[in-house]
Amino acid sequence: MCCNRFSLPLQHNFQTYQNYIVGIYIMVLNYIWIAFFVVAFVIALFRLVVMGDLEVFPAMMDSTFSSSKTAFEISLGLTGVLALWLGIMKIGERGGVVNVLARLLSPLFVKLFPSIPKGHPATGSIFMNIAANMLGLDNAATPLGLKAMEQMQELNTKKDTASDAMIMFLVMNTSGLTIIPVSIMVYRAQMGAAQPTDIFIPILLATFFSTLAGIVVTSLYQRINLLNRTILLFLGGACALVAAIIWGFGQLDGETMGKVSTTAANILLMTIIVAFILAGMRKKVNVYDAFVEGAKDGFTTAVRIIPYLVAILVGIGVFRASGAMDMLIGGIRYGVAATGMDTQFVEALPTALMKPLSGSGARGMMVDAMTTYGADSFVGRLACVFQGSTDTTFYILAVYFGSVGIRYTRHAVACGLLADLAGIIAAIAICYMFFG
């Protein structure tokens, strides 16, 4: 994370709580990873002793080698595309795109954070953090978010208890509103998707519903007037636009919808690239140098994720080879079928269930779904939309609350998880519409 913009007090807070936060995150991943192997071993042993299955343990060992090889190949294959997009993002960041987006959102956010005095520095940090997150600029968003938390803590009368403003801010972060799902498109390209961008509009729609649900639920908890003219204009206008998009695509047959969706996504993405370059030119940024600087981050990121991807894919591979994944999916499918619902979406659910707990774990589940069922299968696409429709709720809450010493989170977890649930339901419905 970029720390050169931190004030001295924020540097002290972040360094004080960093080990604590990392410890929690590693503990969660540790238990998840252990469970993959222990549960797989117990089930495999049962299959060997009771059912006489002599192939299960060789299959598990084969999966460790094939999964680790797949993880390494995927990570290296990400380098070029990841470098491209992080380079483009750096141009946008230098060109002031984050500032423009923050100014556009400011009238709405002022109403959603009524406890923050007008003109307080926290307001600017909140705007900039949300705008950076929407553009997928994590390196810029994290320090801005930590700065916002420190500034809101100055206004907080109960230093160990989350304020209303803090909770609204974090729910908007955990709902995962993202305009450009760069990493997911990169993974789809590496996994051989015919059109890596075909999930662009479905993710945009699903993450909108997740964020909308988070804002509405948190506003109800905090008794914020949702009938305020500014809120109605912003949220009502956004809902009308989304409804028009869904209605328009609903008039098309499946094949035409796919073509229109992919074409529209590619036009939007190309427009964003050109807009970022023009914004950089307007700010007299050396766009080539900015691109190269961002691209260097793409290379280091691709290399850095190798051990994490190897670890999670090997764990999932063993879990699947033992038959444990089939048992888990089969149990969920049986329950869903009992309600009379279609069960096609069930195979992608592990990604959705893992996402609030662990970003790397959910990424591994997404890659596993594309590897097992195909990047262009319904399951593979739905897993990608799950990955993009929400964020790692518990990790975000731990990082931001931990940075300012908050112990009592009040309704933050409930609102964050309800936003996640809305995103999951929306992702399923939208994928049936676009890919079903």
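In what follows, the structure referred to is the one given above.
Residues numbered from 1 in each chain as written. Predicted model: local features only at pLDDT ≥ 70, side-chain atom pairs only at ≥ 80, totals over all residues. Heavy atoms only, no water.

A. Region of the structure containing the side chain of lysine 355. Within the secondary structure, lysine 355 is located in the loop between helix H14 (349-354) and helix H15 (359-373). A polar side-chain atom of lysine 355 sits 2.8 Å from the main-chain carbonyl oxygen of threonine 390. In contact with lysine 355, other than residues within four places in its own chain, are Ala362, Gln387, Thr390, Asp391, Thr392 and Thr393. (Helix = DSSP H or I, 4+ residues; strand = E, 2+ residues; numbered from the N terminus. Polar contact = N/O pair within 3.5 Å; in protein donor to acceptor, adjacent residues only side chain to side chain. Contact = heavy atoms within 4.5 Å.)

B. Quick peek at the environment of methionine 172. Of note, methionine 172 is situated in helix H6 (residues 164-174). Sequence spacing of methionine 172 and isoleucine 130 is 42 residues, and the spatial spacing of their C-alpha atoms is 7.7 Å.

C. View of the packing of aromatic side chains. In total, this model carries 10 aromatic pairs according to the counting rule given. Ring centres of tryptophan 33 and phenylalanine 37 lie 4.8 Å apart, and the angle between their planes is 65 degrees; this geometry places the pair in the edge-to-face category. Taken together, the positions of tryptophan 33 and phenylalanine 37, both in helix H1 (residues 8-49) and 4 residues apart, correspond to about one turn of that helix. Accessibility expressed as a relative area gives 35% for tryptophan 33, which makes it partly exposed. (Phe/Tyr/Trp six-rings, centres within 6.5 Å; stacked < 30°, edge-to-face > 60°. Buried < 20%, exposed > 50% of the residue type's maximum accessible area, 1.4 Å probe, protein only.)

D. Spotlight on the nonpolar core. Ranked by internal contacts, the top residues of the largest apolar core, which has 121 residues, are Phe109, Phe113, Met152, Phe169 and Ile180. By residue number, the principal contributor to this core is helix H18 (residues 412-435), which donates 10 residues. If sequence neighbours within four positions are ignored, phenylalanine 109 has contacts with Ile126, Phe127, Ile130 and Met172. Residues Ala40, Val56, Met60 and Val314 belong to the second largest nonpolar core, which totals 6 residues. (Core = buried A, V, L, I, M, F, W, Y, C linked by side-chain atoms within 4.5 Å.)

E. Structural detail: unusual backbone geometry. Here the phi dihedral of lysine 284 falls at roughly 60 degrees; this positive angle occurs in a residue that is not glycine. Relative to the helices and strands, lysine 284 is located in the loop between helix H10 (254-282) and helix H11 (287-304). By relative accessible area, which is 76% here, lysine 284 ends up exposed. In this structure, arginine 410 is a non-glycine residue whose phi angle is positive, near 55 degrees. Within the secondary structure, arginine 410 is located in the loop between helix H17 (393-403) and H18. Assessed through its relative accessible area of 45%, arginine 410 is described here as partly exposed.

F. A look at helix H7 (residues 182-190). Residues Val182, Ile184, Met185, Val186, Tyr187 and Arg188 constitute the buried set of H7. Of the surrounding elements, those touching the buried residues of H7 are helix H2 (56-94), helix H8 (200-222), H10, helix H12 (306-321), H15 and helix H16 (378-389).

G. How the structure looks around the pattern of salt bridges. Overall, the coordinates contain 10 salt bridges when judged by the stated rule. In this structure, the salt-bridge partner of aspartate 53 is arginine 47, at a minimum N-O distance of 2.6 Å. Overall, the relative accessible area of 17% leaves aspartate 53 in the buried class. Between aspartate 198 and arginine 381 there is a salt bridge; the shortest N-O distance is 3.0 Å. With aspartate 198 in the loop between H7 and H8 and arginine 381 in helix H16, this residue pair connects regions lying 183 residues apart in the sequence. Comparing aspartate 198 with arginine 381 shows no difference in burial state: the two are buried. One network of salt bridges, in which partners are shared, links Arg188, Asp198, Asp376 and Arg381. (Salt bridge = Lys/Arg side-chain N within 4 Å of Asp/Glu carboxyl O.)

H. Quick peek at the state of the cysteines. According to the stated counting rule, one finds 0 disulfides in the structure shown. With no disulfide of its own, cysteine 415 lies 18 Å from the sulfur of cysteine 239, the closest cysteine sulfur. Overall, cysteine 415 belongs to the buried group, its relative accessible area being 0%. Cysteine 431 takes part in no disulfide bond, and the closest cysteine sulfur to it belongs to cysteine 384, at a distance of 8.9 Å. (Disulfide = S-S within 2.5 Å.)

Geometric descriptors of this kind do not, in isolation, establish any biological role.
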